[in-house]
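Chain by chain, the residues run as shown.
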Amino acid sequence: MSQPTAAVDRVASPGRIAALALPALVVLAAEPLYVLVDTAVVGHLGRVPLAAVAVGGTVMTLTAWLGTVVAYGTTGRAARRFGAGDRAAAVAEGVQSSWLALGVGVLVVIGMQFGGGALAGALAGGGEIGLAAAEWLRIAAFGAPGLLLAAAGNGWLRGVQNTRRPLLFVVGPNLLSAVLCPVLVYPVGMGLIGSAVANVIAQTLSGVLFAAALVAERVALRPRPRVIGQQLVLSRDLLIRGVAFQASFLSATAVAARFGAAAVGAHQIAVQLWFFAALVLDALAIAAQALVGAALGADDAVGARALARRIGRLGAACGAAFAVLAAVGAGVVPTWFSSDSAVHQQALVAWPWFVAMLPLAGVVFALDGVLIGAGDIRYLRNLTMAGALGGFLPAIWLAHAFDLGLGGIWAGLMLFIVIRLVALLLRLRTGAWAVTGAVRTESRVGGANL
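Treat the numbers as computed from the prediction; the structure is a model and nothing was measured. (Residues numbered from 1 in each chain as written. Predicted model: local features only at pLDDT ≥ 70, side-chain atom pairs only at ≥ 80, totals over all residues. Heavy atoms only, no water.)

Visitor: Looking at this structure, how should I read the packing of aromatic side chains?
Guide: Here a ring pair, both rings aromatic, is described through the centre-centre distance and the interplanar angle of the planes. Counted under the stated rule, the structure contains seven aromatic pairs. Each ring, one from Phe-392 and one from Phe-416, has its centre 5.5 Å from the other, and the planes form 25 degrees; the classification is stacked. Note that Phe-392 is positioned in helix α14 (residues 377-401) and Phe-416 in helix α15 (residues 405-430), a separation of 24 residues in sequence. Residue class for Phe-392 comes out buried when judged on its relative accessible area of 1%. Residue classification places Phe-416 among the buried positions, given a relative accessible area of 1%. The rings of Phe-245, Phe-249, Phe-392 and Phe-416 are connected pair by pair, giving a single aromatic cluster. The ring of Phe-416 has Arg-420 sitting right over it, with the charged end atom 5.2 Å from the ring centre. Directly above the ring of Tyr-379 sits Arg-427, whose terminal nitrogen or CZ lies 4.6 Å from the centroid. (Phe/Tyr/Trp six-rings, centres within 6.5 Å; stacked < 30°, edge-to-face > 60°. Helix = DSSP H or I, 4+ residues; strand = E, 2+ residues; numbered from the N terminus. Buried < 20%, exposed > 50% of the residue type's maximum accessible area, 1.4 Å probe, protein only. Lys NZ or Arg CZ within 6 Å of the ring centre and 35° of its normal.)

See below:
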């Protein structure tokens, strides 16, 4: 009996969680911190450039979510292989996911050159904001291949429980770009376009560094279409889940844009801070993905369940800490991103909802990581679809219909979080997610995910 207990302590100890979560925290924070710097720099150009970045940045978030699909899918598969004692197979998952990432990135570049303008115009409702957003988007899209390569690289490195090497690969390029952004925008005189160029530089450099890490592993690098096809099939639920998220946030931006430039600018500030908090809180989810996947790959379901409980408690504590910081900064933080008093007033409308959601979101993001690491993606897909279609989307379009402003949009996001929290807690109680083995297959799961 002592051996299983030791396994639980080894897998689920706070020190082991922190060893993976803290480096992941820095990596996760780097990109949104750069976006916040970018927003602050562009915000002082005026309402229209800020609104243009809000619209164009929301479209590029689609690419970031594709990266999340690649990274999370790769982490879960690689972690199970690693937990079963086959590190070479874990790295091989990274090779094929990198080819997949590169291919998708090139398609994004091509698609945005031909269709980005129409998409930006539709979101902005046309006019000056739409034209500026389209110009920004066509240039920023060239960073997509690097962004997705970096996501795949993060995925396999997390799967082998190495979250330290990505620090250099992500933080370095983003620091360089954070310095370049204000220089290109103001002294060089590129204005809004300088922001897009700085984005491309950071994302491309990061992708190249992760690709070099794969080369250094001395593994076979040729693409294997059959494996890539299997990864596409296995990632379909994550992709559908990501589409539900994107439809929700794209709709929220579209509704905010119809309330005017000040409203959509304030929404950009609040939503970027929300994404920043979400990604930082996701550090616990990253640790959960790697550790839960490895534990289940090693046939340690007891350790995986113990880890899930600890991760959930830590998520609640971290979310509460973020809420306190956000509440204290309510009257100050919006002024960092815009000097427009109308934007400040609109930001304060969304702020109470933003603060109230954070403790709940801390638990939701942590438990998402547990189920992703376990490969229980179908349940997460169904839950996200139900929350988006039954809560978030109806709420934000009702906000538009009844002219409820940003308060209505952010109340919809709160409803989305509450729905997911209740369903995740119910799933954890059943234990049906904790399926062991180096590979999770539907035949082993049976009806657990239905």
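Moving on, there is more to tell.
Visitor: Where do I start with the confidence of the model for the chain in this structure?
Guide: Note: predicted coordinates in regions of low pLDDT should not be interpreted at a detailed level. When pLDDT is averaged across the chain, the result is 84; 94% of the residues are at 70 or more. When the criterion is pLDDT under 50, residues 1-9 qualifies, and its contacts beyond four places in sequence or with other chains add up to six contacts. Counting contacts from residues 442-450, a segment whose pLDDT is below 50, to residues more than four positions away or on other chains yields 16 contacts. (pLDDT = per-residue confidence, 0-100. Contact = heavy atoms within 4.5 Å.)

Visitor: Any chance you could explain unusual backbone geometry here in plain terms?
Guide: Residues apart from glycine generally show negative phi values, whereas peptide bonds are mostly found in trans. Of note, Gln-161 is a non-glycine position whose phi angle comes to about 60 degrees, a positive value. Residue Arg-218 is not a glycine yet carries a positive backbone phi of 60 degrees. With respect to the helices, strands and loops of the structure, Arg-218 is situated in the loop between α8 (192-216) and α9 (225-234).

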